[in-house]
Amino acid sequence: MAFRVFHSTNPSPSDFDVNIRTNTGFLPPSPLPTLRGPYEIWETALENAQGLLKLGDTLFGAPAEELMAGEAWRQRIRSMPILPTDVLMEDPMRLRRAHQVLTFLVHFYVHSIPSDSTTESIVVPRTLVAPLMTVSAALEMAPVLTFADTVLWNWTLVDPKLPVTFENMRFGRILFSGADAERNFYHGSARTELIGVEALHIIHEYHNLPNVTDLSSVCKINRLLERLAATIQDISSSIQAMREEVDPLMFYWEARPWWNGSGSGPDAPVWIYEGVGDTSKLDLSGPSAGQSSAMHAIDLFLDIDHKLQQRRYPAPSQQNKKADHGFMERMRRYMPGGHRKYLEWIARSPRPLRSVVQDTPVIREHYNSAIAALKKLRDLHIRVACLYVVSMSHTRPPPTCPLAAVLRRMEREAERQGPATGTGGNELSVLLKAGRDATTRAVLKTN
């Protein structure tokens, strides 16, 4: 994709760590560096965890040596020194890598504990918590694994000598399960983010129009909306392609459980961060596709009212009213601070697109076409979620899981009450349908 040259008095996306000139968008322009010096102890612990640790739910009836190996790893984590983070503050890329490594270690630690030995709470050791809290505060993001850690930052270059392109990026630098389903999920998620870079170009070009009233600008806005509709369709195609790339059974049983955060289900233990006064005040839900900054940017640009604050037609259904209306806003707290501030800038635009469209009927058809494309994307997302989560919640674990563990996991699943939830514990179908219906209500009358 060719670079575009802009001349503007508006803030640049780069001011918010949004990289449209390198066409990586919310992904960094280069891979995160491996931590060196005293922080190598974190990197070594993470390297050792991969391939060694297994989900606690799969360890019922496991050989004693396997259980001992996992506990020995966790003991080493508890015995590590608490490292200062002041040196990391000098380099934003190393700061992100520290957040990524520490949060992966937290999830490895929690989810590798045998399920039959867990209680209502799990204490995450101070050796991880202390540096993680400081690093998270500096990055202005949640002190838990996020979409940024698993997708945006989780890649290396196939050939470091070649430019950063999607074809030269290998995703899944860190894997919990080692399964192709996990790697391909990260790969497909990142692909949608990179497709979404075109939407960031569109938003930038719109905000740098000299005005929005003359004929030339109106024609330009229509062309931008045509491009946006096409971009959303491309994102839909990417999501559709993931159905061929990611095995639903392996995704649900082998990869997805690692992403669960604190109290992510009725029977899930609450995490206690050692040394933190009140862990319940922390955002600890874990990664979610709802943390995709690209999708938030599109929603805010088109003014999708997820919080049901505007009077729009048709009125929200009773099911819509039951949904978590603060979900999208809460998900932004899991994003890096710069990305969240960029989204806030779009939301506070002095020339909100929807208002311009309302005042300029000739633009409405193109605006509605973009809304229609986004509605179709959310219809697709509902079907995909049904396949990968709702349907899989009624299946058995894959054959790779020992028989005793299979039976135990099925018992625990049967004990779970209520409908399928997302990794953050939200009722999935209600949440997704509410998002789809909020999108539908953004359509404007054309006469």
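Please read these numbers as outputs of a predicted model, since none were measured by experiment.

Basis of the calculations
- Residues numbered from 1 in each chain as written.
- Predicted model: local features only at pLDDT ≥ 70, side-chain atom pairs only at ≥ 80, totals over all residues.
- Heavy atoms only, no water.
- Helix = DSSP H or I, 4+ residues; strand = E, 2+ residues; numbered from the N terminus.
- Rg over C-alpha atoms; globule rule 2.2 N^0.38 Å.
- Buried < 20%, exposed > 50% of the residue type's maximum accessible area, 1.4 Å probe, protein only.
- Contact = heavy atoms within 4.5 Å.
- Areas by Shrake-Rupley, 256 points an atom, 1.4 Å probe, with all protein chains shown as cover.
- Lys, Arg positive; Asp, Glu negative; His and termini not counted.
- Charge placed at Lys NZ, Arg CZ, Asp CG, Glu CD.
- Axes fitted to C-alpha atoms, helices over the stretch in contact; angles between N-to-C directions.
- Parallel < 35°, antiparallel > 145°, perpendicular 65-115°, else oblique.
- Nonpolar A, V, L, I, M, F, W, Y, C, P; charged D, E, K, R; others polar.
- Pairing = 2+ DSSP bridges.
- Salt bridge = Lys/Arg side-chain N within 4 Å of Asp/Glu carboxyl O.
- Patch = residues over 30% accessible without salt bridge, like charges linked within 9 Å, V, L, I, M, F, W, Y side chains within 5 Å.
- Expected span 1.5 Å × (residues − 1).
- Polar contact = N/O pair within 3.5 Å; in protein donor to acceptor, adjacent residues only side chain to side chain.
- Core = buried A, V, L, I, M, F, W, Y, C linked by side-chain atoms within 4.5 Å.
- Phe/Tyr/Trp six-rings, centres within 6.5 Å; stacked < 30°, edge-to-face > 60°.
- pLDDT = per-residue confidence, 0-100.

The next point concerns the overall build of the protein. Helix and strand counts for the protein stand at 17 helices and 4 strands. In terms of C-alpha radius of gyration, the protein reaches 22 Å, essentially the compact-globule figure of 22 Å for 447 residues. Taken along its principal axes, the extent of the C-alpha atoms in the protein is 75 × 50 × 40 Å. Counting over 447 residues, the protein shows a buried share of 53%. Across the protein, every contact between residues at least 6 apart in sequence was considered, and the portion connecting residues at least 24 apart equals 79%. For the protein, the accessible area works out to roughly 19800 Å², and carbon and sulfur atoms hold 54% of it. Here the protein carries 49 positive and 48 negative side-chain charges, and the mean point of each set is 5 Å from the other.

Now for the packing of helix H8 (residues 215–245) against helix H15 (residues 364–390). Between H8 and H15, the least distance of the axes is 8 Å, while the angle of their chain directions is 10°. For the element pair H8 / H15, the angle class is roughly parallel. Of the residues that constitute the contact of H8 with H15, the class distribution is 16 nonpolar, 6 polar and 2 charged.

Side chains of strand E4 (residues 270–273) alternate between two faces, with Trp271 and Tyr273 buried and Val270 and Ile272 left unburied. Taken together, the 4 bridges between strand E1 (residues 121–124) and E4 define a ladder with parallel strand orientation. Residue pairing across strands places Ile122 opposite Trp271, the latter belonging to E4.

A few words now on the pattern of salt bridges. Under the defined criterion, the tally for this structure stands at 18 salt bridges. Close ionic contact of Arg191 with Glu245 constitutes a salt bridge, the shortest N to O distance being 2.9 Å. With Arg191 in helix H6 (residues 180–195) and Glu245 in helix H8, this pair connects stretches of sequence that are 54 residues apart. Residue Arg191 is classed as buried on the basis of its relative accessible area of 13%. What makes Glu245 partly exposed here is its relative accessible area of 27%. Notably, a salt bridge pairs Arg333 with Asp283, separated by 2.8 Å at the nearest N-O pair. Note that Arg333 is positioned in the loop between helix H12 (327–331) and helix H13 (337–347) and Asp283 in the loop between E4 and helix H10 (293–302), a separation of 50 residues in sequence.

Together, Val123, Val270 and Ile272 make up a nonpolar patch on the protein surface, roughly 220 Å² of accessible area in all. In this fold, Val270 is placed in strand E4.

Turning our eyes to something else, we now look at the environment of Glu90. Of note, Glu90 is situated in the loop between helix H2 (64–79) and helix H3 (92–111). In this structure the C-alpha to C-alpha distance between Glu90 and Ser280, which are 190 residues apart in sequence, comes to 30 Å.

What follows deals with H3. The end-to-end C-alpha distance of H3 is 29 Å, a good match for the 28 Å that 20 residues give at a rise of 1.5 Å each. Counting buried positions along H3 gives 18 out of 20 residues, so the element sits mostly inside the fold. The N-terminus of H3 is capped by Asp91, whose side-chain oxygen sits 3.0 Å from the backbone nitrogen of Met93.

This next bit is on unusual backbone geometry. Of the consecutive residues Tyr313 and Pro314, the connecting peptide bond is found in the cis state with omega at -5°. As for its position among the elements, Pro314 is in the loop between H10 and helix H11 (318–322). Positive phi, normally seen in glycine, also occurs at Glu140, with a value near 60°. With respect to the helices and strands, the residue Glu140 is situated in the loop between helix H4 (126–139) and helix H5 (147–152). For Glu140, a relative accessible area of 37% translates into the label partly exposed. We note that Asp303 has phi near 65°; this positive angle belongs to a residue other than glycine.

All right, on to the nonpolar core then. In terms of nonpolar packing, the biggest core is built from 126 residues, with Trp42, Leu228, Leu302 and Tyr342 touching the most fellow members. Beyond its immediate sequence surroundings of up to four residues, Trp42 is in contact with Leu35, Met80, Leu83, Leu88, Ala98, Val101, Leu102, Leu105 and Pro131.

A few words now on the packing of aromatic side chains. Applying the stated criterion across every chain yields a total of 18 aromatic pairs. Taken together, a centroid distance of 5.9 Å and an interplanar angle of 35° make the contact between Phe166 and Phe171 tilted. Relative to Tyr388, the ring of Phe251 has its centre 5.5 Å away and its plane inclined at 90°; by these criteria the two rings are edge-to-face. Of this pair, Phe251 sits in helix H9 (residues 248–259) while Tyr388 sits in helix H15, and the two are 137 residues apart along the sequence.

So, on to the environment of Ser349. Inspection of the secondary structure puts Ser349 in the loop between H13 and helix H14 (353–359). Taking the C-alpha atoms as reference points, Ser349 and Gln100, 249 residues apart in sequence, are found 32 Å from one another. A polar contact is formed between the side chain of Ser349 and the backbone nitrogen of Arg351, at a distance of 3.1 Å.

With 91% of its residues at a pLDDT of 70 or more, the protein shows a mean pLDDT of 91. Throughout residues 1–8 the model reports pLDDT below 50, and contacts reaching past four residues in sequence, or to other chains, amount to 20 contacts. Counting contacts from residues 403–407, a segment whose pLDDT is below 50, to residues more than four positions away or on other chains yields 7 contacts.

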